[in-house]
Amino acid sequence: KGPDATIFGGSYDVETGELVQQDILHGMQIEYVENGFDNPETQYMVVKNDGTFMNKLMFSGTYTIQPVRGNFVPVPKQGIEVKGDTRIDFKVQPYIRIKNLNIKKQDNKVVATFQVQQTISNKVSRLALFAHPEPNVGSSLNTVSSIMITNAIIYPETEYTLEIDLANNASRLKPGEQYYFRVGALMDAPEAKYNYAPAVRLTL
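Residues numbered from 1 in each chain as written. Predicted model: local features only at pLDDT ≥ 70, side-chain atom pairs only at ≥ 80, totals over all residues. Heavy atoms only, no water.

Asker: Tell me about the sheet that holds strand β9 (residues 96-106), and please be specific about residues and values.
Answerer: To summarise the sheet geometry, strands pair through backbone hydrogen bonds and adopt either a parallel or an antiparallel arrangement. The three strands are arranged β9-β10-β13 in an open sheet whose pairing can be described as antiparallel. Looking at the sheet topology across the chains shown, the edges are occupied by β9 and β13 (159-165). In this sheet, adjacent strand axes meet at a mean angle of 20° when their direction is disregarded. (Pairing = 2+ DSSP bridges. Helix = DSSP H or I, 4+ residues; strand = E, 2+ residues; numbered from the N terminus. Axes fitted to C-alpha atoms, helices over the stretch in contact; angles between N-to-C directions.)

Right, here's the structure in full:
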């Protein structure tokens, strides 16, 4: 008998209710174990860059499930009964929120301005602007990046600016073409991943 159930859902910011954006490669994973076996295998679900996930190849039954190696304060394992189409959403506290983002083409540059709200007291290690032809752009998928090493506590009222010089990157960011630009910030915490704002599409 084959898989007969689907599990789907997302990780949502406990305060804002927004999906917590992710990296498409080497990002957060959903770890799950089917209960009722002596040596159950730990399995993983990939999470999309908007923070949602879906697995259509599940067997009905009870599972222990937990999002791991993410960009938010770790959450405990929980039990879930999977049957038919089963939704499970995780309410999480992202390490960092990108606020008041503006990305635009200005002269021969792409300029991002934004503020950073951190939710734990660790230092923010870096801020970044990533560019790629695909909307899945991020730290693990980019053709051009502009990274600022901060290693500091960041105050929410401070405005940051990151720029990508188009003349210096003309071979990778071609005039007249469309690209996606995404701002991220990385917390100095064990196994932390970048926190992101949604990608912005620009025609250069």
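Asker: Give me the pairing of β9: which residues, what numbers.
Answerer: Looking at chain direction, β9 and strand β10 (residues 109-118) are connected through nine bridges and run antiparallel. Of the residues in β10, the one forming a bridge with Lys99 is Gln115. Following β9, the chain reverses through two residues before pairing antiparallel with β10; Asp107 in that reversal takes a positive phi of roughly 50°.

Asker: How would you explain the nonpolar core if you had to name every residue and give the values?
Answerer: Most often, soluble globular proteins have nonpolar side chains that are buried together. Formed by 29 residues in total, the largest nonpolar core has its most connected members in Phe114, Leu127 and Phe181. For this core, the secondary structure elements donating two or more residues are β9, β10, β11 (124-132), β13 and β14 (178-187). The residues touching Phe181, leaving out its near neighbours within four places in the chain, are Ile103, Val110, Leu129, Phe130, Ala131, Ile164, Pro198, Ala199, Val200, Leu202 and Leu204. Of all hydrophobic cores here, the second largest spans 19 residues; its members include Val20, Val47, Met58 and Ile80. (Core = buried A, V, L, I, M, F, W, Y, C linked by side-chain atoms within 4.5 Å. Buried < 20%, exposed > 50% of the residue type's maximum accessible area, 1.4 Å probe, protein only. Contact = heavy atoms within 4.5 Å.)

Asker: Let's hear about the environment of Lys56: which residues, and what values?
Answerer: By the element assignment, Lys56 lies in strand β4 (residues 52-58). The spacing of Lys56 and Tyr196 is 140 residues in sequence and 27 Å in space, taken between C-alpha atoms. Ignoring anything within four residues of it in the chain, the contact list for Lys56 reads Ala5 and Thr6.

Asker: Explain the pattern of salt bridges to me, and be specific about the residues and the numbers.
Answerer: Inspection of every chain in the model, using the stated rule, returns five salt bridges. Here Arg97 and Asp13 are joined by a salt bridge, their closest N and O atoms 2.5 Å apart. Separated by 84 residues along the polypeptide, Arg97 in strand β9 and Asp13 in strand β1 (residues 5-13) bring together distant segments of the chain. For Arg97, a relative accessible area of 7% gives the class buried. Note that Lys109 and Glu163 form a salt bridge whose closest N and O atoms lie 3.2 Å from each other. Residue Lys109 is located in strand β10, and its partner Glu163 is located in strand β13; the two are separated by 54 residues in the primary sequence. For Lys109, a relative accessible area of 32% translates into the label partly exposed. Through salt bridges with shared partners, a single ionic network connects Asp13, Glu15 and Arg97. (Salt bridge = Lys/Arg side-chain N within 4 Å of Asp/Glu carboxyl O.)

Asker: Could you give me a rundown of unusual backbone geometry, with the residues and numbers involved?
Answerer: Look at Arg69: it is not a glycine, yet its phi comes out positive at around 50°. Note on placement: Arg69 falls in the loop between β5 (61-68) and β6 (78-82). Residue classification places Arg69 among the partly exposed residues on the basis of a relative accessible area of 29%. Positive phi, close to 60°, is recorded for Glu191, a residue that is not glycine.

Asker: An account of the sheet that holds strand β3 (residues 43-46) is needed here, citing residue identities and associated values.
Answerer: On the basis of which strands lie adjacent, the open sheet formed by four strands has the order β3-β2-β5-β6 and antiparallel pairing. At either margin of the open sheet sits one strand with a lone partner, and together these are β3 and β6. With strand direction ignored, the average angle separating the axes of adjacent strands in the sheet is 35°. Where strand β2 (residues 29-34) lies against β5, six bridges are found, and the strand directions are antiparallel. When the bridges of β5 are listed, Gln29 appears paired with Val68.

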